[in-house]
Number of protein chains: 2
Amino acid sequence: MEAAIKLFSNNGYNKASVDEICAEAGISKGAFYHHFKSKQELFLALLDGWLQTIDSAIEAAKDLPAPKTFTRMTEAFPYIFETAGDGLPMFLEFWLQASRDKKIWEASIAPYRRYHKHFTSLIKKGVEEGSFVEVDPELASRMIVSTAMGLLLQSLLDPKGAKWEKVARDSTNMLVDGLLKR
Amino acid sequence: MEAAIKLFSNNGYNKASVDEICAEAGISKGAFYHHFKSKQELFLALLDGWLQTIDSAIEAAKDLPAPKTFTRMTEAFPYIFETAGDGLPMFLEFWLQASRDKKIWEASIAPYRRYHKHFTSLIKKGVEEGSFVEVDPELASRMIVSTAMGLLLQSLLDPKGAKWEKVARDSTNMLVDGLLKR
């Protein structure tokens, strides 16, 4: 998978062949096809692996009161921004593939829809438990997912433009602050 | 420029040649080079043209009180989301080029930095004129630009996932609501 990231980033998804990935990783094609049915499946496994960290952070925080869930999530930020670091060409290749291939598109769109659902129920819970002011949970959730995507995209496009991980943490705190009932 | 958008979106930036763009547009190569020095310059002109609408909306609102500036800006949203509509492959191609070419990268990063500066001073102004609560203008501006980028990206990736233009308008109102001093 490391060999694939390297080749996809340097040469693009289309140009990188299974042969080259195997050569780079020092494994046989038999070994490759034992784990992945195709280059596409490897590609989807890479995305899944990366999203797993975000999902685990969400899962670990799920029994806490809603405001604490957000704080707990920020603990995953260093990993997220660090691994996203040099991944811009890789991410863009991925989205470009997604825009041209229905299966990849569905796999790449599913997480955003999942996060949207997740934050909608988290905010609903916060309102019900009396921690949060009355807001439209759907809308607030859209804003959270959008802010997260925008921050991640900017950290990819302009890594030196700001301390993105700190901006993400401060933004989360500002957001929770805005939601808290006083 | 319409011919270029069509070819860039369908075939990718790299594959679309000046010859093909000229054939598609029904113009001579002489006419092309009268307007653009290179394919790259045409590409940058496309980005500029699209961003011009956002800049004009910001410019038109600049003498209003800060909260009204935001409301005025939402009037540009229908155009922004409509034109972004089928542009996903085009945008992705653009960013992919940007990640591999310093000149395009600088041109594509400049607007975000400009918007960040703009919203920072707008929020500062709002705090000074007494409309907005005391917030960190730098941070609030980062959140606004991030939310905008995230919404736009989601509208490109998942056009049918929500009514993005409405979400953008409601988000702006929610944001201004959160900033308003009561």
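Note: the structure precedes this text.
Residues numbered from 1 in each chain as written. Chains lettered and ligands numbered in written order. Predicted model: local features only at pLDDT ≥ 70, side-chain atom pairs only at ≥ 80, totals over all residues.

Draft legend 1. Summary view of the overall build of chain A. Helix and strand counts for chain A stand at 10 helices and zero strands. In chain A, the order of α-helices and β-strands from amino to carboxyl end is α-α-α-α-α-α-α-α-α-α. Along the first, second and third principal axes, the C-alpha set of chain A runs to 60 × 35 × 25 Å. Evaluated residue by residue, chain A yields a buried proportion of 30% over its 182 residues. Sequence separation of 24 or more characterises 59% of the internal contacts of chain A that already satisfy a separation of 6 or more. (Helix = DSSP H or I, 4+ residues; strand = E, 2+ residues; numbered from the N terminus. Buried ≥ 20, exposed ≤ 12 C-beta atoms within 10 Å, placed from the backbone. Contact = placed C-beta atoms within 7 Å.)

Draft legend 2. Layout of the environment of B:Ser99. By secondary structure assignment, the location of B:Ser99 is in the loop between helix H7 (88-98) and helix H8 (102-128). In this structure B:Ser99 comes out as partly exposed when scored by C-beta crowding, with 19 C-beta atoms within 10 Å. Along the chain, B:Ser99 and B:Ile109 lie 10 residues apart, while their C-alpha atoms are 10 Å from each other. In this structure B:Ser99 touches A:Leu88, A:Pro89, A:Leu92 and B:Trp105, once residues within four positions along its chain are discounted.

Draft legend 3. Structural context of the interface of chain A and chain B. Taken together, the contact between chain A and chain B spans 30 residues of the former and 30 residues of the latter. For the side of chain A that touches chain B, the elements supplying multiple residues, two or more each, are helix H7 (88-100), helix H8 (102-128), helix H9 (137-157) and helix H10 (164-179) of chain A. At 13 residues, H9(A) tops the list of elements feeding residues into the side of chain A that touches chain B. Here the side of chain A that touches chain B is built from residues that sort into 18 nonpolar, eight polar and four charged. (Nonpolar A, V, L, I, M, F, W, Y, C, P; charged D, E, K, R; others polar.)

Draft legend 4. Quick look at the relation of the copies chain A and chain B. You can overlay chain A on chain B at an RMSD of 0.0 Å; the transform is a turn of 180° with a shift of 0.0 Å along its axis. Given the turn and translation reported, the copies of this chain are related as if by a two-fold rotation axis. (Least-squares fit on C-alpha atoms with pLDDT ≥ 70 in both.)

Draft legend 5. Summary view of the environment of B:Lys181. Residues and elements named next belong to chain B. By the secondary structure assignment, Lys181 is in the segment after helix H10 (164-179). A count of 11 C-beta atoms within 10 Å places Lys181 in the exposed class. Between the C-alpha atoms of Lys181 and Gly126, which are 55 residues apart in sequence, the distance is 9.8 Å. Residue contacts for Lys181: discarding those within four places in its chain leaves Gly130, Ser131, Phe132 and Val133.

Draft legend 6. The arrangement of the environment of A:Lys39 in detail. Residues and elements named next belong to chain A. The residue Lys39 is located in helix H4 (residues 39-60) in this model. When the 17 C-beta atoms within 10 Å are taken as the criterion, Lys39 is described as partly exposed. Separated by 23 residues in the primary sequence, Lys39 and Ala16 place their C-alpha atoms 9.1 Å from one another.

Draft legend 7. Layout of the packing of H4(A) against H8(A). Residues and elements named next belong to chain A. Where H4 contacts H8, the axes come no closer than 10 Å and their chain directions differ by 5°. By the angle between their axes, H4 is roughly parallel relative to H8. Along the contact surface, H4 presents Gln40, Phe43, Leu44, Leu47, Leu51 and Ile58, while H8 presents Lys103, Ile104, Ala107, Ser108, Pro111 and His118. In terms of residue class, the contact of H4 with H8 is built from eight nonpolar, three polar and one charged. (Axes fitted to C-alpha atoms, helices over the stretch in contact; angles between N-to-C directions. Parallel < 35°, antiparallel > 145°, perpendicular 65-115°, else oblique.)

So far we have only geometry, and geometry alone does not tell us how the molecule works.
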